[in-house]
Amino acid sequence: MDNKQLKDRTKQASAAGTQIKKFLTTNAVPILFLIICIIGVYYAKTSIPSILSDLVNRFDRNAILVLSLIIPVISGMGLNFGIVLGAMCGQLGLIVVAIMGMSGLPAVLFAMLIAAVSAGLCGILAGMLLNKTKGQEMIASMILGYFSNGIYQFIFLFVVGGIIKIQSEVMLTGGIGIKNTIALNSLQYSLDNIKIFGYSTKVDVFSALVFFGILFGAYYLFLYLIKKKKGKSIIIKIIAFALMIVFALIATNMDAFAQYKMLIRVPIPSFLLIFVVCILISAFMKTKLGQDMRAIGHDRSVAMAAGINVNLTRIIAICTSTVLAGIGQVIFYQNLGTMDTYYGHEKVGTYCVAAILIGGASVEKATIGQAITGTLLFHLLFNVSPLAAQNLFSNSMVGGYFRMVICYGVIAMALMLHAWNTRQKKKEETK
């Protein structure tokens, strides 16, 4: 081997090492939490099918709520704790349909409509407020959530029944105020378990793998053949989904996977809705308005100089986020079946922000992949930590405390890193 070949191989090895180091640095948070989750699964001593079944349900409930955070981050507004406002609008829709006595899928769709309209109006007002607090959007959106919660509780504890007379089972016995807990049995699983020609759309995991393997495979094949998006990544994805279909068809008839087939039920309509939301966010960010949001997130002053209406664009970003959160909260409670009227929305912002950060997002950057990854890891941790703590310390509460520490710790770390990066940029600019 001559010196040239040796130098070339050394350069290749160095480049590979640099890429690995960059990958590990970029994805340090999700990798760390993946390791924590694996340890938790080991010590939880629960069957994998049971864990996956719970994870499917949790992902179904929370995915759209986490996805609602992406657009404000891209627009340079940071992590929108104000999605609590959208969650309240979602609960407003559910309360209205409960008072009207509606049931089934029409009730869910009508609740979504009410949530979207009210969240749109609230999102406009929130966006106008956040335009007055540029550079402090995260703390402003958090305080806005607390303020809105006060108004929400005043309305449903005093106005409803006290000023607006209503006769309904959801009212407190005194006739003033809504009950603390509302049973949504009449619309539980209405979206998750739609019947088509008498057949349930909530299917076993292998049927779901075949369905989504075909769907995603066709999507990437469309990108490759019609949109002419060539590249190794597209081909790898097409092959991966083809292999997923083959695996599912083989595994569904194997005794070793019988428990997986029996326990894990996937709601196709809800997962399709999540897929559609992901596609719409991706498509939206490719439009002129989406590119304007990226420009504002990169440098607000340059975007303004380029003729972009910064304030209006930021309002649209917050409005979109709030509407998605409202719809997401309706999906959450139609799956859960019981609504906590006064406290169900309070932790939405904190949990969703923690989830997207665990997926590898930051105050300045967030992607669909990070939102999906973070939702899976965060709720896997939520599932296994009490069981693991019970087996390790004979006290399941330790797991609850642990996940709260993780939740707030991740948010605090993200904010500290953001503050540190901001200071470093200012130092570089002054040099």
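Above this text you will find the structure in question.
These lines cover the structure that appears in this document, whether it is placed above or below.

The rules behind these values
Residues numbered from 1 in each chain as written. Predicted model: local features only at pLDDT ≥ 70, side-chain atom pairs only at ≥ 80, totals over all residues. Heavy atoms only, no water. Helix = DSSP H or I, 4+ residues; strand = E, 2+ residues; numbered from the N terminus. Rg over C-alpha atoms; globule rule 2.2 N^0.38 Å. Buried < 20%, exposed > 50% of the residue type's maximum accessible area, 1.4 Å probe, protein only. Contact = heavy atoms within 4.5 Å. Areas by Shrake-Rupley, 256 points an atom, 1.4 Å probe, with all protein chains shown as cover. Lys, Arg positive; Asp, Glu negative; His and termini not counted. Charge placed at Lys NZ, Arg CZ, Asp CG, Glu CD. Patch = residues over 30% accessible without salt bridge, like charges linked within 9 Å, V, L, I, M, F, W, Y side chains within 5 Å. Salt bridge = Lys/Arg side-chain N within 4 Å of Asp/Glu carboxyl O. Phe/Tyr/Trp six-rings, centres within 6.5 Å; stacked < 30°, edge-to-face > 60°. Lys NZ or Arg CZ within 6 Å of the ring centre and 35° of its normal. Core = buried A, V, L, I, M, F, W, Y, C linked by side-chain atoms within 4.5 Å. Expected span 1.5 Å × (residues − 1). Bend = angle between axes of the 7 residues up to and from the residue. Axes fitted to C-alpha atoms, helices over the stretch in contact; angles between N-to-C directions. Parallel < 35°, antiparallel > 145°, perpendicular 65-115°, else oblique. Left-handed = near helix turned anticlockwise from the far one by under 90°. Nonpolar A, V, L, I, M, F, W, Y, C, P; charged D, E, K, R; others polar.

Turning next to the overall build of the protein chain. A tally of regular secondary structure across the protein chain gives 17 helices and 6 strands. The C-alpha radius of gyration of the protein chain comes to 24 Å, within 12% of the 22 Å expected for a compact globule of 431 residues. Here the C-alpha coordinates of the protein chain stretch approximately 90 × 65 × 55 Å along the principal axes. Looking at the 431 residues of the protein chain, the share that counts as buried comes to 44%. By sequence separation, contacts in the protein chain at least 24 residues apart represent 76% of the contacts at least 6 residues apart. If you sum the accessible surface of the protein chain, you get close to 22500 Å²; carbon and sulfur atoms cover 67% of it. Looking at the protein chain, you have 36 positive and 16 negative side-chain charges, and the mean spots of the two groups are 5 Å apart.

What follows is about a nonpolar patch on the surface. On the surface, a cluster of nonpolar side chains totalling about 910 Å² of accessible area is made up of F147, I151, F154, I155, L157, F158, I163, I164, L172 and I176. Turning to its location among the elements, I155 is positioned in helix 7 (residues 137-162). The exposure class assigned to I155 is partly exposed, which follows from its relative accessible area of 32%.

With that out of the way, let us pick up the packing of aromatic side chains. Applying the stated criterion across every chain, the model contains 20 aromatic pairs. Centre to centre, the rings of Y42 and Y43 are 5.0 Å apart; their planes meet at 85°, and the pair counts as edge-to-face. With relative accessibility at 33%, the residue Y43 sits in the partly exposed group. Taking 4.8 Å as the distance between ring centres and 40° as the angle between the ring planes, the aromatic pair formed by F378 and F382 counts as tilted. Taken as a pair, F378 and F382 lie in helix 16 (residues 368-393) at a separation of 4 residues, close to a single helical turn. Taken individually, F378 and F382 each receive the classification buried, so the pair is uniform in this respect. Among the aromatic side chains, those forming a connected cluster through ring pairs are F59, F211, F212, F216, Y219, Y220, F241, F271 and F275. Sitting above the plane of the Y42 ring, K45 keeps its charged end 5.3 Å from the centroid. A cation sits over an aromatic face here: K202 above Y189, 4.4 Å from the ring centre.

Under the defined criterion, the tally for this structure stands at 3 salt bridges. Residue R58 is joined to D54 by a salt bridge in which the shortest nitrogen-to-oxygen separation is 2.7 Å. Residue R58 and its partner D54 are both found in helix 3 (residues 48-67); the two are separated by 4 residues, about one turn of the helix. The salt bridge involving E137 is made with R314; its shortest N-O contact spans 2.8 Å. Remark: R314 occurs in helix 14 (residues 310-336) and E137 occurs in helix 7; sequence separation between them is 177 residues. We classify E137 as buried; its relative accessible area is 5%.

What follows deals with the nonpolar core. Ranked by size, the top nonpolar core spans 101 residues in total, and within it L67, L79, L94, I178 and I356 carry the most contacts. The greatest single-element share of this core, amounting to 9 residues, is contributed by helix 3. Counting residues in each nonpolar core, the second largest holds 5 residues, with Y220, L223, I234 and I238 among its members.

Every α-helix carries 3.6 residues per turn, so stepping three or four residues along brings you back to the same face. Between its first and last C-alpha, helix 7 extends 35 Å over 26 residues, near the 38 Å set by a 1.5 Å rise per residue. Along helix 7, the helix axis deviates most sharply at I155, where the bend reaches about 35°.

Moving on: the packing of helix 5 (residues 83-100) against helix 14. Two numbers describe how helix 5 lies on helix 14: the axes approach to 7 Å, and their chain directions differ by 50°. In this view, helix 5 runs oblique relative to helix 14, as classed from their interaxial angle. Here helix 5 and helix 14 pass one another in a crossing that is right-handed. Touching I83, L85, G86, A87, G90, Q91 and L94 of helix 5 are S321, T322, A325, G326, Q329, V330 and Y333, all from helix 14. The residue inventory of the contact of helix 5 with helix 14, partitioned by class, reads 7 nonpolar, 7 polar and no charged.

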